[in-house]
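Coordinates in review
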Amino acid sequence: MSCPLRLTLTRRYRFSASHRLHSRRFSEEQNRQLYGKCSNPHGHGHNYVVEVTVGGPVDPATGMIANLGELDPFVAREVIEAFDQKYLNEEIPEFQDVVPTTENLCREIYRRLKPFPAARLERVRIEETSNNSFEYAG
Ligand code: NI
């Protein structure tokens, strides 16, 4: 019996949100030293680009790993609608006590997308700026 053909599919999504890098574990001065201007009390925004990679066998009938008609609304509901135009520190419950660095954002988005029923989540990659990107593969 031949092995099913396994491939990955990567889809890009975008949202904009603001955050402040600030930990309650540290004093104001320590936060300033650690995070610099990213600890500015009024926060700052990013246009995040999120790459979602799913993998699995190619369905011989459809020729696809997963239908974008299923992936797009799932990502829209679980991530884009939840995060777009939000102040991550205050409007996302998971970041009440966790600093919303893009590392932590990557983990949180992975956690929200992991239950996608139609294919296996392989990786979440976030571009915070044109110079920084972060990846989490579980
Ligand atoms: Ni930032």
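Scroll up for the structure.
Figured I'd write up the structure that's included with this text. Quantities reported herein were computed from a predicted structural model and do not represent experimental measurements. Counting of residues starts from 1 at the beginning of each chain's written sequence and follows it residue by residue. With the structure being a predicted model, the display of local features is reserved for residues of pLDDT at least 70 and the display and counting of side-chain atom pairs for 80 or more, all residues being used for whole-chain, interface and lining totals. Each side-chain value is derived from all of the structure's non-hydrogen atoms; neither hydrogens nor water enter the calculation.

1. A word on the coordination of the nickel ion
The condition is simple: The rule for donors is simple: N, O or S, within 2.8 Å of the metal, or within 3.2 Å if the metal is Na, K or Ca. Water isn't counted, so a site may look like it is missing partners.
Only His-19 (NE2), His-44 (NE2) and His-46 (NE2) from the protein coordinate the nickel ion, and they sit 2.0 Å from it. All donors of the nickel ion come from a single chain, and their spacing in sequence reads H-x24-H-x1-H.

2. Remarks on the pairing of strand β5 (residues 133-136)
Stated formally: Strands are labelled as partners when DSSP assigns at least two bridges between them. Secondary structure follows DSSP: runs of H or I at least 4 residues long count as helices, runs of E at least 2 residues long count as strands, and numbering of each begins at the N terminus.
Relative to β5, strand β4 (residues 120-127) is paired through four bridges, and the arrangement is antiparallel. Note on β5: the bridge partner recorded for Arg-125 is Glu-135. Here β4 hands over to β5 after five residues, the two strands then running antiparallel side by side.

3. A closer look at the state of the cysteines
Put simply, the test is: Here, a disulfide means two cysteine sulfur atoms that sit within 2.5 Å of each other. In this scheme, a residue with accessible area under 20% of its type's maximum is buried, one over 50% is exposed, and one in between is partly exposed, where area comes from a 1.4 Å probe on protein chains only.
Applying the stated criterion across every chain, the model contains zero disulfides. Summary of cysteine pairing: Cys-38 is not part of a disulfide, and the nearest cysteine sulfur, belonging to Cys-106, is at 17 Å. On the basis of relative accessibility, which here comes to 26%, the residue Cys-38 falls in the partly exposed class. According to the relative accessible area criterion, Cys-106 is buried, its value standing at 2%.

4. Details of the environment of Phe-26
Keep this limit in mind: By definition in these notes, contact holds between two residues if any of their heavy atoms fall within 4.5 Å.
In this fold, Phe-26 is placed in the loop between β1 (6-19) and α1 (28-35). On the basis of relative accessibility, which here comes to 34%, the residue Phe-26 falls in the partly exposed class. Placed 33 residues apart in sequence, Phe-26 and Asp-59 show a C-alpha to C-alpha distance of 51 Å. Excluding residues that lie within four positions of it along the chain, Phe-26 makes contacts with Asn-31 and Leu-34.

5. Concerning the packing of helix α2 (residues 68-83) against helix α4 (residues 102-113)
Counted only if it meets this: Note on method: axes are straight lines fitted to C-alpha atoms, helices fitted across the in-contact stretch only, with angles between N-to-C directions ranging 0 to 180 degrees. Less than a right angle of anticlockwise turn of the near helix away from the far helix marks a crossing as left-handed, whereas a clockwise turn marks it as right-handed. Nonpolar residues are Ala, Val, Leu, Ile, Met, Phe, Trp, Tyr, Cys and Pro. Charged residues are Asp, Glu, Lys and Arg, and all others, Gly as well, are polar.
Interhelical geometry of α2 versus α4 gives an angle of 145 degrees and a closest axis separation of 9 Å. Helix-helix and strand crossings are classified by hand; for α2 and α4 the assignment is right-handed. Taken together, the residues of α4 that come into contact with α2 (itself represented by Phe-74, Val-75, Glu-78, Val-79, Ala-82 and Phe-83) are Leu-105, Glu-108, Ile-109, Arg-112 and Leu-113. Among the residues making up the contact of α2 with α4, the classes are represented as eight nonpolar, no polar and three charged.

Don't take any of this as a statement about function, it's just geometry.
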